[in-house]
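Listed below are the residues making up each chain.
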Amino acid sequence: MRRVLSRVAAGVAATAVVSLALPAAPASAHGQLATSTPLTGTVVREPLTQLALYFTEKPAPNAHFTITGPNGSRVDNGWSFGEPKRLDKPVTEYFMVNGVFEPRLYHTGFPAMVTVAHWPAKGRYTASYLSVASDGEAVRGEVTFDYQGRGTAAPAGWSAPTNGPEPALLALAEGDHSAATAAPATTGAPVAGPPAPPADDGLPPWLLPAGVVLVVGAIVVVAARRKPASARSTGAARRPAGTARRPGDAARRPGDATGRKGVTSRNPARRGRR
C-alpha cells in the first residue's frame, strides 16, 4: 500500500511540474501601451512640455491621464490626441479565433499627448493612464522615469488638478456597461460604450490542469480501497481450508449408515431360524 501511495505522490508531483511548465495563455486585451516618450526607467535631463503615450488603438475620448511629481502632487495640465506614427518595433496582441489565440501585429502607435505644467523638482515622476479598448477591456498602467533637469515654475494662476476618472470611464473599466451607459460624461457629450468582446469558443486554460488533478485524485481513492479488498480475499481463501475437513466427516457418516444396514439385514435371518 505504501508503494502505491508513494507512486501516486510521485505522479502528482510530476503533474504539478508539467502544469507549471506549460506556457501561459497570451493576454487577449487590446489597445495596450506600445511605447512612450520618455520611456519607462529612463532619465530625463531637459524639461519637456508634453509626454507622449502611444497605444495600439486610439485612446477613449474620456481617458484619464495624470503625472505625479516626487512630492506626490500632480503636474499634468490636460491631454489631447496626437498624430499617429509608425512604431520602431511592432507590438503583438492576440485574438481568440475558433478557440485558438492568433497573434496580430500592430505597426502604428496612437498617442495621447499629456501636457506637463511645470517641473518642480528633481526625482521620480510617474505618468498613469486609464482607458478602455475596443474589446471592452480596461487599459491601465503607468510609466515612471527620473527627472534630473532644471526646475521650472508653474504657470500663473495654475493649481494642481485633483480630478479623477469620469464615472462612465470607471464603469466601463470595471465591466459595468449598463452603468456606463446611464452615467453622463462631464463634458456634456454622451459616451458610447465599446462593443462587447466576442465570446471565446475555446476551452478555458485551467480546464486541463483541473482534469489532471481529478484523475490523480481518483487514482488515490482507488489505491486506498485496495487494502480492504485484499484482506477480504485472504479471509475467503482461508475458509475453504477449514471446510475441507467437513467432507471427511461426511465420509464417515455413510460408513456408519452402512453398518446399521448390516445389522438390519441380520435380523431376518434370525427370524427364519425361529
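Residues numbered from 1 in each chain as written. Predicted model: local features only at pLDDT ≥ 70, side-chain atom pairs only at ≥ 80, totals over all residues. Heavy atoms only, no water.

Quick look at the pairing of strand β4 (residues 64-68)
In the case of a regular strand, side chains alternate between the two sheet surfaces. Judged by how many residues are buried, β4 sits mostly within the fold: four of five residues are covered. Relative to strand β8 (residues 123-132), β4 is paired through five bridges, and the arrangement is antiparallel. Directly across from Ile-67, in β8, lies its bridge partner Ala-127. (Buried < 20%, exposed > 50% of the residue type's maximum accessible area, 1.4 Å probe, protein only. Helix = DSSP H or I, 4+ residues; strand = E, 2+ residues; numbered from the N terminus. Pairing = 2+ DSSP bridges.)

Some thoughts on unusual backbone geometry
Looking along the chain, the bond that leaves Thr-37 and enters Pro-38 is cis, with omega of 5 degrees. The topology assignment puts Pro-38 in the loop between β1 (33-37) and β2 (43-44).

Thoughts on the pattern of salt bridges
Oppositely charged side chains can form a pair if their charged atoms are brought close together. Enumeration over the complete set of coordinates arrives at two salt bridges. Among the salt bridges present, the one from Asp-76 reaches Arg-74, with a minimum N-O distance of 2.9 Å. The class of Asp-76 is buried, set by a relative accessible area of 3%. Since its relative accessible area comes to 14%, Arg-74 is described here as buried. Among the ionic pairs, Glu-174 bridges to Arg-140, the shortest N-O distance being 3.8 Å. Taken together, the residues Glu-174 in the loop between α2 (167-173) and α3 (177-182) and Arg-140 in strand β9 (residues 138-147) connect sequence positions 34 residues apart. Here Arg-140 falls in the partly exposed class, since its relative accessible area comes to 46%. (Salt bridge = Lys/Arg side-chain N within 4 Å of Asp/Glu carboxyl O.)

A word on the environment of Ala-121
Following the sequence through the fold, Ala-121 ends up in the loop between β7 (100-116) and β8. Judged by relative accessible area, Ala-121 falls into the partly exposed class, the value being 34%. Between the C-alpha atoms of Ala-121 and Thr-152, which are 31 residues apart in sequence, the distance is 8.1 Å. With residues near it in sequence (within four places) discarded, Ala-121 still touches Pro-70 and Tyr-147. (Contact = heavy atoms within 4.5 Å.)

Things to note about the nonpolar core
Formed by 20 residues in total, the largest nonpolar core has its most connected members in Phe-55, Phe-65, Ile-67 and Tyr-125. Mapped by element, the contributors of at least two residues to this core are β3 (50-55), β4, β7, β8 and β9. When residues in this core are grouped by element, the largest group, four residues, is from β9. Residues in contact with Phe-55, not counting those within four places in the same chain, are Gly-31, Gln-32, Leu-33, Ala-34, Phe-65, Thr-108, Gly-109, Phe-110, Ala-112, Tyr-129 and Val-139. Core analysis: the second largest hydrophobic core is formed by five residues, Leu-130, Leu-169, Leu-172 and Ala-173 among them. (Core = buried A, V, L, I, M, F, W, Y, C linked by side-chain atoms within 4.5 Å.)

A closer look at the confidence of the model for the protein
The share of residues in the protein with pLDDT of 70 or more is 54%, and the mean pLDDT across the chain is 73. pLDDT under 50 marks residues 12-28. Its contacts with residues more than four places away, or in other chains, come to 13 contacts. In the predicted structure, residues 182-203 sits below a pLDDT of 50 and forms 24 contacts with residues beyond four places in sequence or in another chain. (pLDDT = per-residue confidence, 0-100.)

Remarks on the side chain of Asp-135
Structurally, the position occupied by Asp-135 is in the loop between β8 and β9. No salt bridge is formed by the buried Asp-135; the nearest opposite charge belongs to Arg-104, separated by 10 Å. (Lys, Arg positive; Asp, Glu negative; His and termini not counted.)

Points about the pairing of β3
Buried residues dominate β3, accounting for five of its six residues. Summarising the sheet, β1 and β3 pair through four bridges and their orientation is antiparallel. Opposite Thr-35, over in β3, you have Tyr-54 as the bridge partner. Bridging between β3 and β7 involves six bridges; their strand directions are antiparallel. In the strand pairing of β7, Leu-51 is matched with Val-114.

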